[in-house]
Amino acid sequence: MEVLVTGATGFVGSKLVPALVSAGHRVTVLVRDAARYNPPEGVTVHEGDVLDRESFEDALTDVEAGYYLIHSMGSGTGFEERDRTAAKNFAEAASAAGLDRVIYLSGLGVGADDLSPHLRSRREVEQVLSRGTYELTVLRAAIIVGKQSTSFRMVRQLSSRLPVMVTPRWVSTRVQPIAIRDVIAYLVGVLAVSDTAGNTYEIGGPEVLTYREMLVETGRLVTGRRPIILPVPVLTPRLSAHWVALVTDVPTSISSPLIEGMTTDVVVTDDSIREAVPIELTPFQTAVKRALEEDGDD
């Protein structure tokens, strides 16, 4: 199949492109700076920006399916408007080009009233993309465990740099982390299963954990010791973001919207993806070990 991947230089996209090639697809990628992208053999590279529709329309020529892996959270305030505009441009261009399918990786969360601005923006992008003439498949994930994952990087650095942590209340929030390997398997898998077209799925790993449990287990695997965690009620999400910025290399502009999403549970409530695309899920401990091994390869 002729496939376009947007966000090919990102955490997920950089692993999805070679997986699609291995699955036998003919892959085109859309990147903002082609000179800084080293494509796998056989991959066609187009330079463009989804915020400028005319710059990327040619990349959609003869494409049958597109992966939308773009979000603007890391670019500071106003990311909601940028995400809205980018999704609208892509939906219109993909419809005009006659794509059959679009696959979007979104965020897992509860009802709309309890979503953080970050997750509300992901939901809005779902709605914008759903207006296209193609069939949209949405995969919603919580924390993705992998070396380049910003959320996991926060967990890894906090757990390894602080033997004793005075933490916000969100350490008791439940979450269902998923290994990057499993995310890629689902993204590739839904393209091969036509029945997934037009549907929304929740994806998660085999375990539901609290952030406290994630911190403790990650700290044990990184340092050989379990960090001591002392939750306190006075650390607001805003203060938490500054605290995280002091201890980790994740800037406040990125940690703040992520932390706002950590105050509510993000757990799979519909596991129908397990029947549609059956894969063997990776345990959290194994996913962390793989991420650490990859980190050690640098």
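Scope of this entry: the structure provided in the associated data block. In this text the structure is predicted, and so the values were computed from the model without any measurement. (Residues numbered from 1 in each chain as written. Predicted model: local features only at pLDDT ≥ 70, side-chain atom pairs only at ≥ 80, totals over all residues. Heavy atoms only, no water.)

Brief notes about the packing of helix H4 (residues 150–161) against helix H6 (residues 211–223)
Step number 1: The interhelical angle for the contact between H4 and H6, taken along N-to-C directions, is 65°, at an axis separation of 8 Å. When the axes of H4 and H6 are compared, the pair comes out roughly perpendicular. For the pair H4 and H6, the crossing hand works out as right-handed. For the pair H4 and H6, the contacting residues are Phe152, Val155, Arg156, Leu158, Ser159 and Ser160 in the first and Met214, Leu215, Thr218, Gly219, Val222 and Thr223 in the second. (Axes fitted to C-alpha atoms, helices over the stretch in contact; angles between N-to-C directions. Helix = DSSP H or I, 4+ residues; strand = E, 2+ residues; numbered from the N terminus. Parallel < 35°, antiparallel > 145°, perpendicular 65-115°, else oblique. Left-handed = near helix turned anticlockwise from the far one by under 90°. Contact = heavy atoms within 4.5 Å.)

Overview of the packing of helix H1 (residues 13–22) against helix H5 (residues 180–192)
Step number 1: Between H1 and H5, whose axes approach to 10 Å, the crossing angle comes to 50°. On the basis of the axis angle, H1 is oblique to H5. The way H1 lies across H5 gives a crossing that is right-handed. On H5, the residues touching Lys15, Leu16, Ala19 and Leu20 of H1 are Ile180, Ile184, Leu187, Val188 and Leu191.

Details of the sheet that holds strand S2 (residues 26–31)
Paired through backbone hydrogen bonds, the strands of a sheet run either parallel or antiparallel to each other.
Step number 1: Here we have seven strands laid out as an open sheet, ordered S3-S2-S1-S4-S5-S6-S11, and parallel in their pairing. Only two strands of the sheet have a single partner each, and these edge strands are strand S3 (44–47) and strand S11 (200–203). The sheet shows a mean angle of 20° between the axes of neighbouring strands, direction not considered.
Step number 2: Where strand S6 (residues 135–141) and S11 come together, four bridges link them in parallel fashion. For Leu139, the partnering residue across the bridge sits in S11 and is Tyr201.
Step number 3: Sitting on the sheet, H5 touches strand S1 (2–6), strand S4 (65–68), strand S5 (101–107), S6 and S11, and the angle it makes with S5 is about 155°. (Pairing = 2+ DSSP bridges.)

Observations concerning the packing of aromatic side chains
Between two aromatic rings, the relevant description is the distance of the centres plus the angle of the planes.
Step number 1: Overall, the coordinates contain three aromatic pairs when judged by the stated rule.
Step number 2: On the numbers, 6.4 Å between centres and 15° between planes, the contact of Phe56 with Phe90 is stacked. Placement of the pair is Phe56 in the loop between S3 and S4 and Phe90 in helix H2 (residues 79–97), with a sequence separation of 34 residues.
Step number 3: When its relative accessible area of 0% is taken as the criterion, Phe56 is described as buried.
Step number 4: Overall, Phe90 belongs to the buried group, its relative accessible area being 0%.
Step number 5: Pairing Tyr68 with Phe90 gives two aromatic rings, centres 5.1 Å apart and planes at 50°, and the pair type is tilted. Placement of Tyr68 in strand S4 and of Phe90 in helix H2 is noted, with a sequence separation of 22 residues between them. Exposure class is identical for Tyr68 and Phe90. Each is buried.
Step number 6: An aromatic cluster is defined as three or more aromatic residues linked by ring pairs; in this entry it consists of Phe56, Tyr68, Phe90 and Tyr104. (Phe/Tyr/Trp six-rings, centres within 6.5 Å; stacked < 30°, edge-to-face > 60°. Buried < 20%, exposed > 50% of the residue type's maximum accessible area, 1.4 Å probe, protein only.)

What about the pairing of S2?
Step number 1: Counting buried residues along S2, five of its six residues qualify, which places the element largely inside the surrounding structure.
Step number 2: Across five bridges, the pairing between S1 and S2 is parallel. Directly across from Val3, in S2, lies its bridge partner Val27.
Step number 3: Between S1 and its parallel partner S2, the chain crosses via H1, and the hand of that crossover is right-handed. (Right-handed = clockwise from strand over helix to strand, strands pointing away.)

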